[in-house]
Amino acid sequence: MKHDDPFKALVLTQEDGRTQCGLQDLTIAQLPAGDVTVKVDYSSLNYKDAMAVTGTGRIVRDFPMVPGIDLAGTVLASSAPDYPVGTPVVLTGWSVGERFWGGYSQVQRVRSEWLVPLADGLDSYKAMAIGTAGLTAMLCVMELEAAGARPGAGTVLVTGASGGVGSVAVALLARLGYRVAALVQPGREAVHPYLMSLGAAEVIAGAEWAEVPKPLENQRWTAAIDTVGSKVLARVLASLEYGGVVAACGLAGGADLPGTVMPFILRGVRLAGVDSVMCPAARRREAWARLGRVYGETPFADIAATAGLGQVPQLAARLMAGNNRGRYVIDVNG
Ligand SMILES: NC(=O)c1ccc[n+]([C@@H]2O[C@H](COP(=O)([O-])OP(=O)(O)OC[C@H]3O[C@@H](n4cnc5c(N)ncnc54)[C@H](OP(=O)(O)O)[C@@H]3O)[C@@H](O)[C@H]2O)c1
């Protein structure tokens, strides 16, 4: 590919304080500095991408910006010894798609320290069906395990279960042998069969989850993965079993936490925060290697739908409306 050959990218601009999103032709010469140029096969759509594309929450501050916090593809040009031309690579996080140009582009130039080699058991499509959401789900599972969670020891609750992180967390925990309860918002009965098909043992959707809990509720879960925050996380904490642990990674329901310290000081409950964006390289590689081993044979078609770059704005609005199901792989060449 020559430096002035055009390729397609989705570009965010700002007009009168409003974020605009459109397809543009770019050339390699226009890409930012970096030691590795990647021919992108796929990106994906995460909650943060939806925020960026819809201009919600000032995720993007510098314009023009190519969004897309994930990408998977093949090295096209490189001065990094660890990533010679032809290496299949994956990139998630590191503020790519927020502060640095990201994956919604047929070609992108990045820093080699942001990359991980494609893990055994995965291809670039599977890697993006997993993406930041799935990596985060695995990092949450690793936190639960580090706190002593084991299959057969009780029920693990996943909140925001039909979303991207939630869907992969349900499927992953079920594959690892855990008994999984999937919490969904009321009125989302249509996703119940989907969650059972991913391996949930039960689907939960009580109206009480929209209320602030008592300081201590009945003990129901041995562990939990929370993608929702706010009253939902407060209720998870109040209803964990003695010594239980919740891995908290999301704020789909709000960034507040309206609870008390009672679960911590009377039940020894633990709250483990999970961040995938700045997660150190060694832990990322460990998580991706496990995803390749445990999750590589998952029937991805059940969880992930494929869309083109031009469909991203419409899908982003759907995610922001809070009624997503599963994952979207973005075929940047489709
Ligand atoms: N810490 C990290 O590194 C990291 C990485 C990835 C994502 N995240 C965060 O994790 C969260 C989920 O991300 P995602 O990509 O899975 O998003 P997503 O696909 O949009 O899923 C979010 C799910 O949360 C539930 N939900 C949405 N609004 C809600 C509300 N008001 N109250 C209760 N439940 C609500 C819905 O599931 P149900 O209908 O099934 O309840 C929805 O499908 C986001 O906050 C995201 O920013 C964090």
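**Focus: unusual backbone geometry**
Most of the time, phi is negative for any residue but glycine, and the peptide bond is trans.
In step 1: Along the chain, Phe-63 connects to Pro-64 via a cis peptide bond; the corresponding omega equals -5°.
In step 2: With respect to the helices and strands, the residue Pro-64 is situated in the loop between α1 (47–54) and β4 (70–78).
In step 3: In this structure, Asp-16 is a non-glycine residue whose phi angle is positive, near 50°.
In step 4: Tracing the backbone through its elements, the reader meets Asp-16 in the loop between β1 (7–15) and β2 (18–26).
In step 5: Residue Asp-16 is classed as exposed on the basis of its C-beta count, with 5 C-beta atoms lying within 10 Å.
In step 6: We note that Ser-95 has phi near 70°; this positive angle belongs to a residue other than glycine.
In step 7: For Ser-95, the location among the structural elements is in the loop between β5 (88–92) and β6 (107–110).
In step 8: Among the residues examined, Ser-95 registers 13 C-beta atoms within 10 Å and is labelled partly exposed.

**Overview of the sheet that holds strand β12 (residues 240–248)**
In step 1: With parallel pairing, the six strands of this open sheet are ordered in space as β10-β9-β8-β11-β12-β13. Only two strands of the sheet have a single neighbouring strand rather than two, namely β10 (202–204) and β13 (270–273). Pairwise comparison of adjacent strand axes, ignoring direction, gives a mean angle of 20° for this sheet.
In step 2: The sheet contact formed by strand β8 (residues 155–158) and strand β9 (residues 179–183) spans four bridges and is parallel. Bridge assignment links Leu-157 to a residue of β9, and that residue is Ala-181.
In step 3: The strands that helix α3 (residues 164–175) touches are β8, β9 and β11 (221–226); relative to β8, the one it contacts most, it runs at about 165°.

**Description of the environment of Val-40**
In step 1: Structurally, the position occupied by Val-40 is in strand β3 (residues 36–45).
In step 2: Residues Val-40 and Ser-124, spaced 84 residues apart in sequence, show a C-alpha to C-alpha distance of 9.0 Å.
In step 3: Once residues within four sequence positions are removed from consideration, Val-40 is found in contact with Leu-71, Gly-73, Gly-103, Ser-105, Gln-106, Val-107, Gln-108 and Val-332.

**Focus: the domain arrangement of the chain**
In step 1: Once the domains are mapped, the chain shows domain 1 (7–118 + 299–331) and domain 2 (132–273).
In step 2: Placing the centre of domain 1 and that of domain 2 at their C-alpha centroids yields a distance of 29 Å.
In step 3: By residue class, the composition of the side of domain 1 that touches domain 2 is three nonpolar, six polar and four charged.

**Side note on the pairing of β3**
In step 1: Here β3 lies mainly inside the structure; eight of its 10 residues are buried.
In step 2: Inspection of the sheet shows β3 paired to β4 by six bridges, in the antiparallel sense. Looking at β4, one finds that Val-40 is bridged to Gly-73.
In step 3: In terms of strand pairing, β3 meets β6 through four bridges, oriented antiparallel. Following the sheet pairing, Lys-39 is matched in β6 by Val-107.
In step 4: Inspection of the sheet shows β3 paired to strand β15 (residues 327–331) by four bridges, in the antiparallel sense. If you follow Tyr-42 over to β15, its bridge partner there is Asp-331.

**Regarding helix α5 (residues 230–239)**
In step 1: Of all 10 residues in α5, nine are buried, a share of seventy percent or more.
In step 2: Looking only at α5, the buried set comprises Lys-231, Val-232, Leu-233, Ala-234, Arg-235, Val-236, Leu-237, Ala-238 and Ser-239.

**Focus: the packing of helix α2 (residues 124–146) against α3**
Working note: a packed helix pair is described by the angle between its axes plus the distance between those axes.
In step 1: Contact geometry for α2 and α3: axes closest at 8 Å, N-to-C directions at 50°. Taken together, the axes of α2 and α3 are oblique relative to one another. The crossing of α2 and α3 is right-handed. Every residue of α3 that contacts α2 at Ile-130, Ala-133, Gly-134, Thr-136, Ala-137, Met-138, Cys-140 and Val-141 is listed here: Gly-164, Val-165, Val-168, Ala-169, Leu-172 and Leu-173.
In step 2: Broken down by class, the residue content of the contact of α2 with α3 amounts to 11 nonpolar, three polar and no charged.

**Here we look at α3**
In step 1: Helix length check: α3 (12 residues) gives 17 Å between terminal C-alpha atoms against 16 Å at 1.5 Å per residue, within 8%.
In step 2: With 11 of 12 residues buried, α3 lies mostly within the body of the structure.
In step 3: Looking only at α3, the buried set comprises Gly-164, Val-165, Gly-166, Ser-167, Val-168, Ala-169, Val-170, Ala-171, Leu-172, Leu-173 and Ala-174.
In step 4: A positive phi of about 100° marks Gly-177, the residue just after α3.

**A word on the nonpolar core**
In step 1: The biggest cluster of nonpolar side chains holds 107 residues, and the ones touching the most others in it are Val-158, Val-170 and Ala-182.
In step 2: Considering every element that reaches this core, the biggest residue donor is α2, with 12 residues.
In step 3: The residues that make up this core include at least three from each of domain 1 (7–118 + 299–331) and domain 2 (132–273).
In step 4: Excluding anything up to four places from it in sequence, Ala-182 contacts Val-158, Ala-161, Val-170, Leu-195, Ala-200, Val-203 and Ile-204.

**Description of the site of the ligand**
In step 1: The environment of the ligand is made up of 32 residues, and the closest members are Gly-160, Gly-163, Gly-250, Gly-253 and Gly-322.
In step 2: Going through the elements one at a time, α1, α2 and α3 are the ones with two or more residues in the shell around the ligand.
In step 3: Within the shell around the ligand, the residues separate by chemical class into 14 nonpolar, 15 polar and three charged.
In step 4: Taken together, domain 1 (7–118 + 299–331) and domain 2 (132–273) each give at least three residues to the shell around the ligand, which thus spans both.

Rules behind the numbers
- Residues numbered from 1 in each chain as written.
- Predicted model: local features only at pLDDT ≥ 70, side-chain atom pairs only at ≥ 80, totals over all residues.
- Helix = DSSP H or I, 4+ residues; strand = E, 2+ residues; numbered from the N terminus.
- Buried ≥ 20, exposed ≤ 12 C-beta atoms within 10 Å, placed from the backbone.
- Pairing = 2+ DSSP bridges.
- Axes fitted to C-alpha atoms, helices over the stretch in contact; angles between N-to-C directions.
- Contact = placed C-beta atoms within 7 Å.
- Domains from an automatic or database assignment.
- Nonpolar A, V, L, I, M, F, W, Y, C, P; charged D, E, K, R; others polar.
- Parallel < 35°, antiparallel > 145°, perpendicular 65-115°, else oblique.
- Left-handed = near helix turned anticlockwise from the far one by under 90°.
- Expected span 1.5 Å × (residues − 1).
- Core = buried A, V, L, I, M, F, W, Y, C linked by C-beta atoms within 7 Å.
- Near = placed C-beta within 6 Å.

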